[in-house]
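# Observations on chain architecture
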Amino acid sequence: MSASEPGPVEDLPAVAPQLRALRRRASLTLEAAARTAGLSPAHLSRLETGQRQPSLPMLLTLARVYGTTVSELLGESVAERDAVVRATDMEPTRAGGWTYWQAGAPGRGMQSLRVHVPHGSQGDIVRVHPGEEWLYVLKGRLRLRLGDVTHVLDPGDSAHFDSLTPHRIAAADEDGADLLFVHTLLQSPTTALCLGPTTLGVTP
């Protein structure tokens, strides 16, 4: 299923109710939360009812809007403040074609993920928010757009950038790309933006 097609969230049974519960915990109306996340209220409503799958960038944006982490959005239970995350405890989660594994514990100033970015999925989402991001390409090639400049990263390449720079990522190869991804959890809903599709093209 492509990112533009509605459908049930079969891979993420816990996401829809969690999205609604965390929005209400943050005392946000559907309209206010959607506006802050750069979504239409109808789109957010479909996410909360399981009719649409959220992409990883959208989960990150909603986590910041609600002052929480992606792991809590997904209802994942990782030992609080545990310094070690075992490979056997890293259950894969799929969202909007992306697959990722939680690689760090909740309640920290950074969130760590191991991510598989599929080819041709969510490459039109531009994100702007406070904080920093660091990524390291494990496999495949990654296309990273920072402002007006596009970089192609090979395995072993990394990037560390200010998240206030408009940015987006997409796999450059048909087989997708695997990467390590770390971002700071600076919770500032008033400045978290997801600009959505733009006219700046990402060549498949």
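Just above sits the structure.
Figured I'd write up the structure that's included with this text. This structure is a prediction, so every number in the text was calculated from the model and none was measured. (Residues numbered from 1 in each chain as written. Predicted model: local features only at pLDDT ≥ 70, side-chain atom pairs only at ≥ 80, totals over all residues. Heavy atoms only, no water.)

### Structural notes on the overall build of the chain
- The secondary structure content of the chain amounts to five helices and eleven strands.
- Among the 204 residues that make up the chain, the fraction classed as buried is 47%.
- Here the analysis covers contacts within the chain between residues at least 6 apart in sequence; of these, 71% occur between residues at least 24 apart.
- About 9700 Å² of surface is accessible on the chain, with carbon and sulfur atoms providing 52% of the total. (Helix = DSSP H or I, 4+ residues; strand = E, 2+ residues; numbered from the N terminus. Buried < 20%, exposed > 50% of the residue type's maximum accessible area, 1.4 Å probe, protein only. Contact = heavy atoms within 4.5 Å. Areas by Shrake-Rupley, 256 points an atom, 1.4 Å probe, with all protein chains shown as cover.)

### Examining the environment of T49
- Summarising the element assignment, T49 is placed in the loop between α3 (41-48) and α4 (56-65).
- For T49, a relative accessible area of 39% corresponds to the partly exposed category.
- Through-space distance from the C-alpha of T49 to that of P17 is 7.3 Å; in sequence the pair is 32 residues apart.
- One polar contact links the side chain of T49 to the main-chain carbonyl oxygen of R46, over a distance of 3.3 Å. (Polar contact = N/O pair within 3.5 Å; in protein donor to acceptor, adjacent residues only side chain to side chain.)

### Details of the pairing of strand β3 (residues 110-117)
- Residues Q111, L113, V115 and V117 of β3 are buried on one face, while the alternating residues M110, S112, R114 and H116, pointing to the opposite face, are not.
- Pairing analysis gives four bridges linking strand β2 (residues 98-102) to β3, with the strands arranged antiparallel. Within the sheet, the bridge partner assigned to T99 lies in β3 and is H116.
- Alignment of β3 against strand β10 (residues 177-184), held across eight bridges, turns out to be antiparallel. For L113, the partnering residue across the bridge sits in β10 and is F181. (Pairing = 2+ DSSP bridges.)

### Description of the environment of T99
- Relative to the assigned elements, T99 resides in strand β2.
- Look at T99 and you get buried, because its relative accessible area is 11%.
- Expressed as a C-alpha distance, the spacing of T99 and V115, which sit 16 residues apart in the sequence, is 5.8 Å.
- Setting aside anything within four residues of it in sequence, one finds T99 in contact with P92, T93, R94, R114, V115 and H116.

### Observations concerning the pattern of salt bridges
- If you walk through the whole model with that rule in mind, you get three salt bridges.
- The salt bridge involving E48 is made with R20; its shortest N-O contact spans 3.4 Å. With E48 in helix α3 and R20 in helix α1 (residues 15-25), this pair connects stretches of sequence that are 28 residues apart.
- Accessibility expressed as a relative area gives 29% for R20, which makes it partly exposed.
- Between D173 and R141 there is a salt bridge whose closest N-O contact spans 2.9 Å. Highlighted residues: D173 in the loop between β9 (167-171) and β10 and R141 in the loop between β5 (132-139) and β6 (142-146), separated in sequence by 32 residues.
- For D173, a relative accessible area of 22% translates into the label partly exposed.
- Taken together, the shared-partner salt bridges in this structure form one network comprising R20, R23 and E48. (Salt bridge = Lys/Arg side-chain N within 4 Å of Asp/Glu carboxyl O.)

### Remarks on the packing of aromatic side chains
- Taken as a whole and judged by the stated rule, the model has one aromatic pair.
- Residues W134 and Y136 carry aromatic rings whose centres are separated by 6.2 Å and whose planes lie at 20 degrees to one another, so their mutual orientation is stacked. (Phe/Tyr/Trp six-rings, centres within 6.5 Å; stacked < 30°, edge-to-face > 60°.)

### Brief notes about the packing of helix α2 (residues 30-37) against α4
- It is the contact of α2 with α4, at a shortest axis distance of 10 Å, that shows an interaxial angle of 120 degrees. Considering their axes alone, α2 and α4 lie oblique with respect to each other. α4 is crossed by α2, and the crossing has right-handed handedness. For the pair α2 and α4, the contacting residues are A33, T36 and A37 in the first and T61, L62 and V65 in the second. (Axes fitted to C-alpha atoms, helices over the stretch in contact; angles between N-to-C directions. Parallel < 35°, antiparallel > 145°, perpendicular 65-115°, else oblique. Left-handed = near helix turned anticlockwise from the far one by under 90°.)

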